[in-house]
Amino acid sequence: MIAVPGSAGTRRARLAALGYYVPEHRLTNSDLEKLVDTTDDWIVSRTGIRERRIAAPDEATSDLAIKAAEDVLANAGRSAQDIDVLIVPTCTPDHLFPSVAALTADAIGARGAAAFDIQAACSGFIYGLAQAVALVESGLATSVLVVGAELFSRIVNPGDRSTFILFGDAAAGALVVADDDGGPSGFFGFELGADGSKGDQLQIPVGGTRHPASLAFDQADAYLQMNGREVFKFATRVMEESVLRLLERLEMTVDDIDLMVPHQANQRIIDHAIGRLGIPPERVFGNLEHYGNTSAASIPLALAEARDAGVLTSGMRVMMVGFGAGLTWAASLVRYEPT
Ligand code: UT7
């Protein structure tokens, strides 16, 4: 794209469309009982997950991102040539480089678009939206596609039952566009953060520059490793705190939230957070039981399914909140304004 700062005028950003793609293959808890030492009862009671989608052996992350990007564009009634920037939040890219975004932009025909990945793990979609809003409202772009795409089934250790059961594969995203109607931004605000001192609580030790995959390594270090209890404690704290900090900054209360769409990681984490915040369960949407934790795809996947179910409708104020590796967290309040 070619951008000229200072030409923004009265433009504001608007969340114009949602879309998603999930692989066909379902891996149920009873399937998992045959693979690892676990039970449906343990998984459902500790996490709320009943099944997850698993990509085909020949599918990589960009294959999921391409289909999700096309779905967002179809729902927006726009063509790939309209896209100025394609951002792919992912921590499971096809390769260290090229980026999933560059591969996806090429495949969908977004030839004039800038394209890059961002890595904030499960918080990535909200981080990506913040970038999209900044690009649009500064006048650097008029149309930004953000597609969270993850393929965690390739990075979980089949020998680690505490993580193997949690994750699924999916891609989902949103289109952020410019409006020149002079109204207030469709995005009320963001609360983003990171605490790298807890980086080792959720990590893949091998494959980067700290330990290149070209050197000898223990197979277990090439897989996701997590201190589940520590991440659980962190998650319950930041889900509540980040929403409260954002509401305070916006001089709003939980009554101003029409719908809450939290990161779909664990039902107990969600229940704890909404209980502390005092948000009634009927104002919270989730689909964790069908997909497990799909990381950067989880919030847009839930948003898109909430729309399909008629739960998310035009004009609603939606609070999104997530947490993930880094450790990172993110919250945002947005008005849903479909084209
Ligand atoms: O997007 C960010 C991603 N991360 C998260 O959201 C993870 C946050 N953490 C969690 O969701 C939970 O910590 C887990 C679901 C991972 C684990 O639940 P927990 O209640 O914290 O269990 P635990 O780790 O304290 O383990 C309790 C027991 C252990 O057995 P012992 O030592 O008490 O005999 C585990 O070995 O449960 C055992 N266990 C399992 N049992 C059956 C762990 N995984 C399994 C399993 N099936 N899949």
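Structure first, text after, so check above.
Throughout what follows, the structure given in this document is the object of discussion.

Definitions and limits used
- Residues numbered from 1 in each chain as written.
- Predicted model: local features only at pLDDT ≥ 70, side-chain atom pairs only at ≥ 80, totals over all residues.
- Heavy atoms only, no water.
- Core = buried A, V, L, I, M, F, W, Y, C linked by side-chain atoms within 4.5 Å.
- Buried < 20%, exposed > 50% of the residue type's maximum accessible area, 1.4 Å probe, protein only.
- Contact = heavy atoms within 4.5 Å.
- Near = heavy atom within 4 Å.
- Polar contact = N/O pair within 3.5 Å; in protein donor to acceptor, adjacent residues only side chain to side chain.
- Areas by Shrake-Rupley, 256 points an atom, 1.4 Å probe, with all protein chains shown as cover.
- Helix = DSSP H or I, 4+ residues; strand = E, 2+ residues; numbered from the N terminus.
- Salt bridge = Lys/Arg side-chain N within 4 Å of Asp/Glu carboxyl O.
- Pairing = 2+ DSSP bridges.
- Axes fitted to C-alpha atoms, helices over the stretch in contact; angles between N-to-C directions.

A few points about the nonpolar core
Across soluble globular proteins, nonpolar side chains show a tendency to be buried alongside one another.
1) Next: Ranked by size, the top nonpolar core spans 43 residues in total, and within it Val 243, Ile 257, Met 260, Ile 279, Met 319 and Phe 323 carry the most contacts.
2) Next: Sequence-distant contacts of Ile 257, defined by excluding residues within four places in its chain, comprise Val 243, Leu 247, Ile 279, Arg 283, Arg 317, Met 319 and Leu 333.

Comments concerning the site of the ligand
1) Next: Residues in contact with the ligand amount to 22 residues; listed here are only the nearest, Thr 38, Arg 46, Arg 229, Asn 266 and Asn 293.
2) Next: In the model, a nitrogen atom of the ligand is placed 3.0 Å from a nitrogen or oxygen of the Arg 161 main chain.
3) Next: His 263 places a polar side-chain atom, nitrogen or oxygen, 3.0 Å from an oxygen atom of the ligand.
4) Next: Alone, the ligand offers 950 Å² of accessible surface; in the complex the protein occludes 76% of this.
5) Next: Elements that contribute at least two residues to the shell around the ligand include exactly helix H2 (40-47), helix H6 (161-164), helix H7 (228-250) and helix H8 (267-277).

Observations concerning the pattern of salt bridges
Opposite charge on two side chains lets them pair, provided their charged atoms get close.
1) Next: A full pass over the atoms with the stated rule returns 17 salt bridges.
2) Next: A salt bridge links Glu 337 to Arg 12; the nearest nitrogen and oxygen atoms lie 2.8 Å apart. Of this pair, Glu 337 sits in the segment after strand S13 (328-335) while Arg 12 sits in strand S1 (residues 12-21); the two residues are 325 residues apart in sequence, bridging distant segments of the chain.
3) Next: Take Arg 12: its relative accessible area is 6%, and that puts it in the buried class.
4) Next: Between Arg 317 and Asp 258 there is a salt bridge, with its nearest N and O atoms 3.6 Å apart. One end of the pair, Arg 317, is in strand S12 (residues 317-324); the other, Asp 258, is in the loop between H7 and strand S11 (259-262), with 59 residues separating them in the sequence.
5) Next: Taken together, the shared-partner salt bridges in this structure form one network comprising Arg 12, Arg 14, Asp 179, Asp 181 and Glu 337.

Considering the sheet that holds strand S5 (residues 114-118)
1) Next: With respect to topology, five strands assemble into an open sheet ordered S1-S7-S6-S4-S5, the strand pairing being mixed. On the outer flanks of this sheet lie S1 and S5, each paired with one strand and no other. Adjacent strand axes in the sheet meet at a mean angle of 20°, parallel and antiparallel pairs treated alike.
2) Next: Across three bridges, the pairing between strand S4 (residues 85-89) and strand S6 (residues 143-151) is parallel. Paired with Val 85 across the bridge in S6 is Val 144.
3) Next: Most of the contacts of helix H3 (residues 61-76) go to S1, to which it runs at about 125°, and overall it touches S1, S6 and strand S7 (169-179).
4) Next: Contacting S1 and S7, helix H10 (residues 298-308) runs over the sheet at an angle of about 90° to S1.

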